[in-house]
Amino acid sequence: MKVTLETHGGQAAAINLRLPPKVLDTDTLPKNASAELARLVAGAVPVPTAERPDHARDAMSYTITVEDDGRSTVLTQSDTTMSPEFATLLSWLENHFAQQ
């Protein structure tokens, strides 16, 4: 599985435009970390919910793309509309990339 994280907007928008997306291939992870990431991805896949307004000025938005077995799933949420499951996945990815 390959997971890509892109950030958009916020006060650092100009800086983020110049940064390439962060990419993680689960083949490079230990088995337990790979299994945890797969569990977090499965939990973050959206279920239909009522739309929440997205009116926060300078809010960050995040796009997580998951490529697995020829399928691609794109998860996009923002600081103001983020589900707890998406937040957990985002936090895991940010912690992983910070350790590299």
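Small disclaimer: the values here were computed from a predicted structure and weren't measured.

1. Some points on the nonpolar core
Then, number 1: Among the nonpolar cores identified, the biggest contains 21 residues, and L24, L37, I64, F86, L89, W92 and L93 are the most heavily contacted of them.
Then, number 2: Sorting the residues of this core by element identifies β1 (2–9), α2 (31–44), β3 (60–68) and α3 (84–98) as the ones contributing at least two each.
Then, number 3: With six residues, α3 is the largest single contributor of residues to this core.
Then, number 4: Once you skip the residues sitting within four places of it in the chain, L37 turns out to touch M1, V3, L24, T26, L29, L89, W92 and L93.

2. Details of unusual backbone geometry
Then, number 1: Positioned with a positive phi, D69 is a non-glycine residue whose angle comes to about 50°.
Then, number 2: Counting through the fold element by element, D69 comes out in the loop between β3 and β4 (71–78).

3. So, the confidence of the model for the protein chain
Then, number 1: For the protein chain, mean pLDDT is 84; residues scoring 70 or higher make up 79% of the total.
Then, number 2: Ranking the elements of the protein chain by mean pLDDT puts helix α1 (residues 13–18) last, at 55, and α3 first, at 95.

4. A short note on the sheet that holds strand β2 (residues 22–25)
Then, number 1: The four strands are arranged β2-β1-β3-β4 in an open sheet whose pairing can be described as antiparallel. Because the sheet does not close on itself, it has two edges, and the strands there are β2 and β4. When strand polarity is set aside, the average angle formed by the axes of neighbouring strands in this sheet is 15°.
Then, number 2: Sheet topology places β3 next to β4; eight bridges connect them, and they run antiparallel.

Definitions and cut-offs
Residues numbered from 1 in each chain as written. Predicted model: local features only at pLDDT ≥ 70, side-chain atom pairs only at ≥ 80, totals over all residues. Heavy atoms only, no water. Core = buried A, V, L, I, M, F, W, Y, C linked by side-chain atoms within 4.5 Å. Buried < 20%, exposed > 50% of the residue type's maximum accessible area, 1.4 Å probe, protein only. Helix = DSSP H or I, 4+ residues; strand = E, 2+ residues; numbered from the N terminus. Contact = heavy atoms within 4.5 Å. pLDDT = per-residue confidence, 0-100. Pairing = 2+ DSSP bridges. Axes fitted to C-alpha atoms, helices over the stretch in contact; angles between N-to-C directions.

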